[in-house]
Amino acid sequence: MEPILTKYVREPNSFTLDFYLKHQGYDGLKKALGMQPNDIIELVKASGLRGRGGAGFPTGLKWQFVDKKTEPRYIACNADESEPGTFKDHVLMERNPHLLFEGCLIGCWAIGAKVAYIYIRGEFFHVQRVLEAELAKAYAKGYAGKNILGTGFDCDIVIHRGAGAYEAGEETALIESLEGKRAQPRIKPPFPAVAGLYNKPTAVNNVETLCNLPPIILNGAEWFTSLGPEKNGGPKLFCVSGHVKRPGVFEASMKTTLRELIFDYAGGIRDGHKLKAVIPGGSSVPILLPDQLDIPASFDDVQKAGSMLGSAGIIVMDETTCMVWAARNLLYFYKHESCGKCTPCREGGDWLYKILTRIDNGEGEMRDIDLLVSIGNNIVGKTLCAFGDAAATPALTTVKHFRAEFEAHVREGRCTVPSDWRAARAPVGAH
Amino acid sequence: MSFHPLMVYDSERFQKSERARLDEGKPFEFTRERRAILDDMLTKYPPEQKRSAVLGALYLVQEQEGYLTASGMRHVAGILGMTAAEVEDVATYYVMFFRERVGKYVLQVCRTLSCALAGAERVTEALSEKLGIKPGETDPSGMFTLLEFECLGACDRAPIVMVNNEHWHEQATAESCSKLVDEIKARGPAALSGCHLEVE
Ligand SMILES: Cc1cc2nc3c(=O)[nH]c(=O)nc-3n(C[C@H](O)[C@H](O)[C@H](O)COP(=O)(O)O)c2cc1C
Ligand code: SF4
Ligand code: FES
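Residues numbered from 1 in each chain as written. Chains lettered and ligands numbered in written order. Predicted model: local features only at pLDDT ≥ 70, side-chain atom pairs only at ≥ 80, totals over all residues. Heavy atoms only, no water.

Student: Is there a simple way to explain the sheet that holds strand β4 (residues 153-161) of chain A in this structure?
Tutor: The pairing of strands in a sheet happens through backbone hydrogen bonds and is either parallel or antiparallel. Residue and element names in this part refer to chain A. Across the sheet, which stays open at both edges, the five strands sit in the order β3-β4-β2-β1-β5 with mixed pairing between neighbours. Of all strands in the sheet, those with a lone pairing partner are β3 (145-148) and β5 (202-206), marking the two edges. Strand-to-strand twist in this sheet, taken as the mean axis angle between neighbours without regard to direction, amounts to 25°. By the bridge criterion, six bridges tie strand β2 (residues 115-120) to β4 in an arrangement that is parallel. Opposite Val-115, over in β4, you have Asp-156 as the bridge partner. On top of the sheet, helix α6 (residues 97-111) reaches β1 (74-79), β2, β3, β4 and β5; it is set at about 125° to β4, its chief contact. (Pairing = 2+ DSSP bridges. Helix = DSSP H or I, 4+ residues; strand = E, 2+ residues; numbered from the N terminus. Axes fitted to C-alpha atoms, helices over the stretch in contact; angles between N-to-C directions. Contact = heavy atoms within 4.5 Å.)

Below, the structure is given as structure tokens:
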């Protein structure tokens, strides 16, 4: 598939307004402003565009749910990109910022919002500088602000810098953070579409989701659906990292198989090594084994295989990776990032990490392995937000597929996986 | 008569909060330029929602003082119409805010899975050895602080070392980091620019 969203990212000036205008820039917005907001929502529904932030929820439907009787309404663009293994929005914002602005404006027009807040993670400050400089140009040329393109439509775009919290990516936590509070989720319902930012109707959309809008407006719903398998239309950015030769972001159809993404797009496994396990959708989703990769990388197919496409962050591990170590690494992340609002996640994550640490250090007992499963299962489905399930997953999925490795750690009192890059020394560090 | 044991309200056992005390710092007021930046930021949110600018305001305090002081937070609270406790509540949640004095250069090594698969643990070790400090510590000269950070959202360029919350040093190795430290010592902030890789 010819790239659509990242077609020009390698051009040196792809991020500038001039370049963007020469390549159909803001044409989608012009066309959209000539349409009725409701027709845009119907068009997006017909395109079947699914949210690219992780859940894969249909965007048109989300917009339809936005309460159109309450003023003002908001778009909150989720540019928090903090799911480990995910780095697609980074490229889009750094190399194609006007596409995001155009998507935000179309979204605002569709749901009748006058402001779009782009919540960008604090660590992306170099990206934020690009966004701010380009946004100023868009304002100066009348593509944002008052009376956009002379149509009388007023819409502001505000860039809001986060300050380092994974949980701020969860939609209600993002709203709390925008309101100047701790990034801790709210109890749903009410959903943000009814009571979101400042208690007003809000649509929270991922960067890549919004970037898909201009091409949908220009080329139509049928074109969009034809690009992928049924219900998984459109272009998709895949992030491949880990033990591959050419890690990177690749734009492809969701018809592409996971194997093609890893072996063709990302160049395959490092020389002399072989594939051991793949996390297909960011660190929060279950592992797939090498024989499970001949499936289209679509939301539905990956789910059928027992995992999730999530944020399409594909983390590849070769045979030198100790799975106990990998689970421990991720559980440190989850215990560190838990917002602490609900007990199963806050306490359970901490315990999972402690137990994984003692197994990894060769100090575990056999019953610790079942204890991991028991704690994990007591977190899943019992928390306020999806973080809980995500935190339990690395422990549950590694025990499920690599139990023998856990047992070997306990029996031998050490790691038995041969590895060149994981030196014999224990990692230094706070953990 | 009372069955209650006699309570000894001495300061040894009681009124001892577990809460970490914030450093009071110097008396704080924003410089005129920073105050202008904050005022501009406030125009971006509804007038009754000044609180939305708290993260931005805290970044400005950090820029001015090097870390968040209690007096800086009270100043922010006053401007945004929040209580000091509310500001502290926010400040203590986010990892990019430093609540104690840090080195002039804060080296933040990403430690999450993709970076770890690419050898981030070795990078941390090398920096730790080079600077003679453990992660979380500041070297005696007050020049460097070493921290471990979570996934920075660019795992294709793993491992990454971020400096001072913004300058990225990508595809780091033990050697390149050791060089970076030497460069910073020799050239100061000039050593930081230009480490950001272009898209290949
Ligand atoms: C713990 C957690 C972290 C999340 N992090 C992100 C994130 O960094 N970026 C993102 O776009 N969505 C993230 N999400 C998903 C959002 O909650 C939300 O589903 C998404 O922003 C909706 O946008 P979409 O419909 O366009 O996908 C996260 C969800 C959870 C539970
Ligand atoms: S599941 Fe975890 S992150 Fe989510 S609300 Fe509960 S404690 Fe917070
Ligand atoms: S794991 Fe280090 S940037 Fe993602």
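Student: How should I be thinking about empty space enclosed by the protein in this particular structure?
Tutor: Gaps between atoms show up when a probe of the same size as a water molecule is rolled over them. Going through the model one piece at a time under the given rule, you end up with five cavities of 30 Å³ or more. The volume enclosed by the largest cavity comes to roughly 100 Å³. Lining the largest cavity are 15 residues, and of these Arg-121, Glu-123, Tyr-166 and Glu-337 of chain A together with Glu-150 of chain B sit closest to its centre. Among the secondary structure elements, those contributing two or more residues to the lining of the largest cavity are α13 (323-337) of chain A together with β2 (144-149) of chain B. (1 Å grid on protein atoms, 1.4 Å probe; cavity = no way out; pocket = protein on both sides within 12 Å on 5 of 7 lines; lining within 4 Å. Points joined across faces, edges and corners; volume = space filled by probe spheres on them.)

Student: How should I be thinking about the side chain of Ser-52 of chain B in this particular structure?
Tutor: Residue placement: Ser-52 of chain B occurs in the loop between α1 (32-42) and α2 (54-65). Owing to a relative accessible area of 0%, Ser-52 of chain B belongs among the buried residues under this scheme. Within polar-contact distance, the side chain of Ser-52 of chain B engages the side chain of Tyr-198 of chain A at 2.6 Å. Apart from residues no more than four positions distant in its own chain, Ser-52 of chain B is found in contact with His-160, Leu-178, Glu-179, Gly-180 and Tyr-198 of chain A together with Tyr-45 of chain B. (Buried < 20%, exposed > 50% of the residue type's maximum accessible area, 1.4 Å probe, protein only. Polar contact = N/O pair within 3.5 Å; in protein donor to acceptor, adjacent residues only side chain to side chain.)

Student: What is the right way to look at helix α3 (residues 70-80) of chain B in this model?
Tutor: An α-helix turns once every 3.6 residues. As a result, residues three or four positions apart point the same way. Residue and element names in this part refer to chain B. For α3, the buried fraction is high: nine of the 11 residues fall into the buried class. Every buried residue of α3 is accounted for by Ala-70, Ser-71, Gly-72, Met-73, His-75, Val-76, Ala-77, Ile-79 and Leu-80. Buried-residue contacts for α3 involve α1, α2 and α4 (84-91).

Student: How do you make sense of the nonpolar core when you look at a structure like this?
Tutor: Across soluble globular proteins, nonpolar side chains show a tendency to be buried alongside one another. Core analysis: the largest hydrophobic core is formed by 123 residues, its most contacted members being Leu-58 and Tyr-94 of chain B. Here this core gets nine residues from one element, more than from any other, and that element is α6 of chain A. Not counting chain neighbours up to four residues away, the residues in contact with Tyr-94 of chain B comprise Tyr-119, Ala-163, Gly-164, Ala-165, Ser-177, Lys-181, Arg-182 and Ala-183 of chain A together with Leu-55 of chain B. Grouped together as the second largest cluster of nonpolar side chains are 43 residues, Trp-325, Phe-406 and Val-410 of chain A together with Leu-113 of chain B included. (Core = buried A, V, L, I, M, F, W, Y, C linked by side-chain atoms within 4.5 Å.)

Student: Teacher, can you tell me more about the interface of chain A and chain B here?
Tutor: For an interface, size is often stated in terms of accessible area lost upon the parts coming together. Opposite the 68 residues of chain A that make contact, chain B presents 48 residues. Both sides together, the interface formed by chain A and chain B hides about 4,900 Å², and carbon and sulfur atoms give 55% of it. Taken as a group, Glu-123, Ala-163 and Arg-182 of chain A account for 13% of the area that chain A buries against chain B, more than any other trio of residues on that side. For the pair chain A and chain B, the number of links is two salt bridges. With its nearest N and O atoms 2.8 Å apart, the salt bridge here joins Arg-182 of chain A to Asp-89 of chain B. Counting every contact that joins chain A to chain B gives 25 residue pairs in polar contact (both at pLDDT 80 or more). Broken down by element, the residue count for the side of chain A that touches chain B peaks at eight residues, all from α13 of chain A. (Buried area = accessible area lost by both parts, 1.4 Å probe. Salt bridge = Lys/Arg side-chain N within 4 Å of Asp/Glu carboxyl O.)

Student: Would you mind going over the pairing of strand β7 (residues 248-253) of chain A with me for this structure?
Tutor: Counting buried positions along β7 of chain A yields six of six residues, so the element is predominantly enclosed. Going residue by residue along β7 of chain A, you find Gly-248, Phe-250 and Ala-252 of chain A tucked away on one face and Val-249, Glu-251 and Ser-253 of chain A tucked away on the opposite face as well.

Student: I'm lost on the site of ligand 1 in this one. Help?
Tutor: Residues and elements named next belong to chain A. Lining the immediate environment of ligand 1, one finds 19 residues, of which Gly-53, Lys-62, Asn-78, Asn-206 and Thr-209 sit closest. Note that an oxygen atom of ligand 1 is positioned 3.3 Å from one of the backbone N or O atoms of Arg-52. Within the backbone of Ser-82, a nitrogen or oxygen atom sits 3.2 Å from an oxygen atom of ligand 1. Protein chains bury 90% of the 610 Å² of accessible surface belonging to ligand 1 in isolation. The element contributing the most residues to the shell around ligand 1 is β5, with three residues. (Near = heavy atom within 4 Å. Areas by Shrake-Rupley, 256 points an atom, 1.4 Å probe, with all protein chains shown as cover.)

Student: Just to check I follow, could you spell out the site of ligand 2 for this structure?
Tutor: Residues and elements named next belong to chain A. Lining the immediate environment of ligand 2, one finds 13 residues, of which Cys-339, Lys-341, Cys-342, Cys-345 and Cys-385 sit closest. With respect to the detected pockets, ligand 2 is housed in the second largest cavity. In terms of residue class, the shell around ligand 2 is built from seven nonpolar, four polar and two charged. (Sits in = over half its atoms within 2 Å of the grid points. Nonpolar A, V, L, I, M, F, W, Y, C, P; charged D, E, K, R; others polar.)

Student: Looking at this structure, how should I read the pattern of salt bridges?
Tutor: Where charged atoms from two side chains of opposite charge come close, those side chains can pair. Residue and element names in this part refer to chain A. Within this structure, the stated rule accounts for 46 salt bridges over all chains. The shortest N-O distance in the salt bridge between Lys-354 and Asp-350 comes to 3.8 Å. With Lys-354 and Asp-350 both in helix α14 (residues 343-360) and four residues apart, the pair spans about one turn of that helix. Assessed through its relative accessible area of 41%, Lys-354 is described here as partly exposed. Since its relative accessible area comes to 25%, Asp-350 is described here as partly exposed. The network of salt bridges with shared partners includes Arg-52, Lys-88, Asp-89, Glu-208 and Lys-236.

Geometry only, nothing functional implied.
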